[in-house]
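Structural overview
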Amino acid sequence: TLAGVSLCRVFCNLIASEKLSVDALSTVEEQELASFLKDRLRQSVDYLCQWIGSADASLETTAVTLLMRLVKEQATQFSQHAEYSFWG
């Protein structure tokens, strides 16, 4: 659970700082890093989704809360940048 919370914080900060966005001026290294981070974000979201339906209600609640934080952060970026897309 603590790892999930920590990853959520990291990804929210990365999204807010636009580290997952690339543009035409981005270097190849920046594009590769953004792609790697987006893959890790997708993987983290998949793990959180697996927690939903758990017999442990606190684990399920935590998963939904973390997913909603990620959605909120991505929605903020999406509204600011037309080229931004959810989950990569």
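Scoring rules and cut-offs
Residues numbered from 1 in each chain as written. Predicted model: local features only at pLDDT ≥ 70, side-chain atom pairs only at ≥ 80, totals over all residues. Heavy atoms only, no water. Helix = DSSP H or I, 4+ residues; strand = E, 2+ residues; numbered from the N terminus. Buried < 20%, exposed > 50% of the residue type's maximum accessible area, 1.4 Å probe, protein only. Contact = heavy atoms within 4.5 Å. Areas by Shrake-Rupley, 256 points an atom, 1.4 Å probe, with all protein chains shown as cover. Core = buried A, V, L, I, M, F, W, Y, C linked by side-chain atoms within 4.5 Å. pLDDT = per-residue confidence, 0-100. Patch = residues over 30% accessible without salt bridge, like charges linked within 9 Å, V, L, I, M, F, W, Y side chains within 5 Å. Salt bridge = Lys/Arg side-chain N within 4 Å of Asp/Glu carboxyl O. Expected span 1.5 Å × (residues − 1).

1. Details of the overall build of the chain
- Secondary structure summary: the chain contains three helices and zero strands in total.
- Taken from the N to the C terminus, the helices and strands of the chain come in the order α-α-α.
- For the chain, the proportion of its 88 residues judged to be buried stands at 28%.
- Within the chain, contacts between residues at least 6 apart in sequence are counted, and of these 51% link residues at least 24 apart.
- For the chain, the accessible area works out to roughly 5700 Å², and carbon and sulfur atoms hold 58% of it.

2. Quick notes on the nonpolar core
- Ranked by internal contacts, the top residues of the largest apolar core, which has 15 residues, are L20, L41, L48 and L70.
- Those elements that provide at least two residues to this core are α1 (2-16), α2 (28-51) and α3 (57-80).
- Among the elements that line this core, the one with the most residues is α1, at six residues.
- Leave out the neighbours within four places in its chain, and L48 touches A63, L66, L67 and L70.

3. A closer look at the confidence of the model for the chain
- Overall, the prediction assigns the chain a mean pLDDT of 87, with 89% of residues at 70 or greater.
- Taking the mean pLDDT of every element in the chain, the minimum, 89, falls on α3 and the maximum, 94, on α1.

4. What to know about a nonpolar patch on the surface
- On the surface, I52, V64 and M68 cluster together into a nonpolar patch covering about 260 Å² of accessible area.
- Note that V64 resides in helix α3.
- Judged by its relative accessible area of 37%, V64 falls in the partly exposed class.

5. Concerning α2
- Helix length check: α2 (24 residues) gives 35 Å between terminal C-alpha atoms against 34 Å at 1.5 Å per residue, within 8%.
- The set of residues buried in α2 consists of A34, L37, K38, L41, S44, V45 and L48.
- Positive phi appears at G53, one or two residues downstream of α2, with a value of about 95 degrees.

6. Examining the pattern of salt bridges
- Tallied over the full model, the rule gives one salt bridge.
- Here R42 and D39 are joined by a salt bridge, their closest N and O atoms 2.6 Å apart. Highlighted residues: R42 and D39, both in helix α2, separated by three residues, approximately one helical turn.
- R42 gets classed as partly exposed once you look at its relative accessible area, which sits at 32%.
- Overall, the relative accessible area of 32% leaves D39 in the partly exposed class.

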